[in-house]
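These are the residues of each chain, in order.
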Number of protein chains: 2
Amino acid sequence: MKKVLKTAILVGTLATLFVGTASIASASEEPHIIYRKGTQGSFEGPANWFTGKVHVEMIFPTNKDFPYSNGLVTFQPKARSNWHTHPIGQMLVVTKGVGYTQYWGGKRETIREGDAVWCSPTVKHWHGGSHNNTMTHMAITGTKDGVNAVWMEPVTDEQYNKE
Amino acid sequence: MKKVLKTAILVGTLATLFVGTASIASASEEPHIIYRKGTQGSFEGPANWFTGKVHVEMIFPTNKDFPYSNGLVTFQPKARSNWHTHPIGQMLVVTKGVGYTQYWGGKRETIREGDAVWCSPTVKHWHGGSHNNTMTHMAITGTKDGVNAVWMEPVTDEQYNKE
């Protein structure tokens, strides 16, 4: 019994510490937070979400007051995301190059450095590099209940090529 | 009376048209919206909000599903915003150069290309170019009840210079 009690006290103390730490670390309680370049991680776009070579460099994560993350995504020519949706929408800002985007039922649109694209909540869409150019865009993506995207089927060559 | 009635009908019709148009134009009802570079307007930072030369080029406005606008703000060296707050916070992403930011009670921080800064709701702060460099940042700024900033007093040279 003694051991159980000690364990219970330890767990309780740890739980309190954890809650305390989480509370102190909560983004919303900081006057400001600086996310330094290169500290937020990066990854290659996984094959079950993307076609071709895609690199993602995170710029900032979500916080309690701002449920949006921002990743700088670079698509090689012809590389593209799968079709997908976002529960509370996504804003793209093209920072370099030329690419395409399309929503389900719409036409493929060409987007260039300085253009921004709002994709409404739950709208099925894709984005990627153009045939001959890389594209880099910021992807400011909303998260709801821990989900920021619902991934679907790849964009076929026929879909990608259709103007 | 006839004239009054006609006027009433005209006003009623115009109101219906207006509401109809507004509804069709509502951002949230579009699958996506493309904001082309250079179409969102630009302005010089007004003297009652800024010290020195500051240029703002809008990238995207708020929409019903995303109450954040984004302006690309360029500060000349030593130029800076007044002290101010944002009702639901602001995310800065530095796209060029070197600048400073500071919240009330905190230290002046140097920020560089690729850094991002979250400023929490209602926290008094300022941002600007460094002593010898211009800085350009995106300012992703939340709007609540039509207000995106509460402007306060200028940052004095003494405040600006203090490391």
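About the thresholds
Residues numbered from 1 in each chain as written. Chains lettered and ligands numbered in written order. Predicted model: local features only at pLDDT ≥ 70, side-chain atom pairs only at ≥ 80, totals over all residues. Heavy atoms only, no water. Helix = DSSP H or I, 4+ residues; strand = E, 2+ residues; numbered from the N terminus. Buried < 20%, exposed > 50% of the residue type's maximum accessible area, 1.4 Å probe, protein only. Contact = heavy atoms within 4.5 Å. Lys, Arg positive; Asp, Glu negative; His and termini not counted. Salt bridge = Lys/Arg side-chain N within 4 Å of Asp/Glu carboxyl O. Polar contact = N/O pair within 3.5 Å; in protein donor to acceptor, adjacent residues only side chain to side chain. Buried area = accessible area lost by both parts, 1.4 Å probe. Phe/Tyr/Trp six-rings, centres within 6.5 Å; stacked < 30°, edge-to-face > 60°. Lys NZ or Arg CZ within 6 Å of the ring centre and 35° of its normal.

Participant: For this particular structure, what's the right way to read the overall build of chain A?
Facilitator: When helices and strands are tallied, chain A shows two helices and 13 strands. The buried share of chain A, taken over its 163 residues, is 41%. Considering only residue pairs separated by 6 or more positions, chain A has 68% of its internal contacts joining residues 24 or more positions apart.

Participant: How do you make sense of the side chain of Arg-108 of chain B when you look at a structure like this?
Facilitator: Residue and element names in this part refer to chain B. Mapping Arg-108 onto the fold places it in the loop between strand 8 (90–103) and strand 9 (109–112). In this structure, Arg-108 is buried with no salt-bridge partner, the nearest side chain bearing the opposite charge being Glu-163 at 4.2 Å. A polar contact is formed between the side chain of Arg-108 and the backbone oxygen of Tyr-160, at a distance of 2.9 Å. Here the side chain of Arg-108 touches Asn-161 through a polar contact of 3.5 Å, landing on its backbone oxygen. With residues up to four places along the chain from it excluded, the contact list for Arg-108 reads Tyr-100, Thr-101, Gln-102, Trp-126, His-131, Tyr-160, Asn-161, Lys-162 and Glu-163.

Participant: Just to check I follow, could you spell out the environment of Gly-114 of chain A for this structure?
Facilitator: With respect to the element layout, Gly-114 of chain A can be found in the loop between strand 9 (109–112) and strand 10 (116–119). Look at Gly-114 of chain A and you get partly exposed, because its relative accessible area is 22%. Here Gly-114 of chain A is in contact with Val-94 of chain A together with Tyr-35 and Lys-37 of chain B, once residues within four sequence places are set aside.

Participant: Looking at this model, I keep getting lost on the pattern of salt bridges. Mind explaining?
Facilitator: Side-chain pairs of opposite charge can arise where the charged atoms are in close proximity. Within the structure shown, the criterion is met by 10 salt bridges over all chains. Its salt-bridge partner being Arg-36 of chain B, residue Glu-109 of chain A comes within 3.6 Å of it at the nearest N-O pair. Residue Glu-109 of chain A is located in strand 9, and its partner Arg-36 of chain B is located in the loop between strand 1 (32–35) and strand 2 (42–44); the two belong to separate chains. A residue is classified by how much of its surface remains accessible, and Arg-36 of chain B, at 29% relative accessible area, is partly exposed.

Participant: Any chance you could explain the interface of chain A and chain B here in plain terms?
Facilitator: Interface size is often expressed as the accessible area that is lost when the parts come together. Every contact between the two is made by 36 residues of chain A and, on the other side, 36 residues of chain B. Regarding the contact of chain A and chain B, the summed buried area is about 3,300 Å², with carbon and sulfur atoms giving 64% of it. Per-residue buried area on chain A facing chain B is highest for Pro-31, His-32 and Trp-118 of chain A; these three make up 19% of the total on that side. The interface formed by chain A and chain B includes four salt bridges. Scanning the region where chain A abuts chain B turns up 14 residue pairs in polar contact (both at pLDDT 80 or more).

Participant: What am I meant to see in the packing of aromatic side chains here?
Facilitator: Pairs of aromatic rings are described using the distance from one ring centre to the other and the angle between the two planes. Tallied over the full model, the rule gives 23 aromatic pairs over all chains. When the centroid spacing of 6.0 Å and the interplanar angle of 45° are considered together, the rings of Phe-60 of chain A and Phe-66 of chain A count as tilted. Each member of the pair, Phe-60 of chain A together with Phe-66 of chain A, is buried. Geometrically, the ring pair formed by Phe-66 of chain B and Tyr-68 of chain B is tilted, given 5.2 Å between the ring centres and 50° between the ring planes. Note on Phe-66 of chain B: relative accessible area 0%, which makes it buried. We note Arg-108 of chain A situated over the ring of Tyr-100 of chain A; from NZ or CZ to the ring centre the distance is 3.8 Å. Its guanidinium or amino end placed over the ring of Trp-104 of chain B, Lys-124 of chain B lies 3.9 Å from that ring's centre, counting from NZ or CZ.

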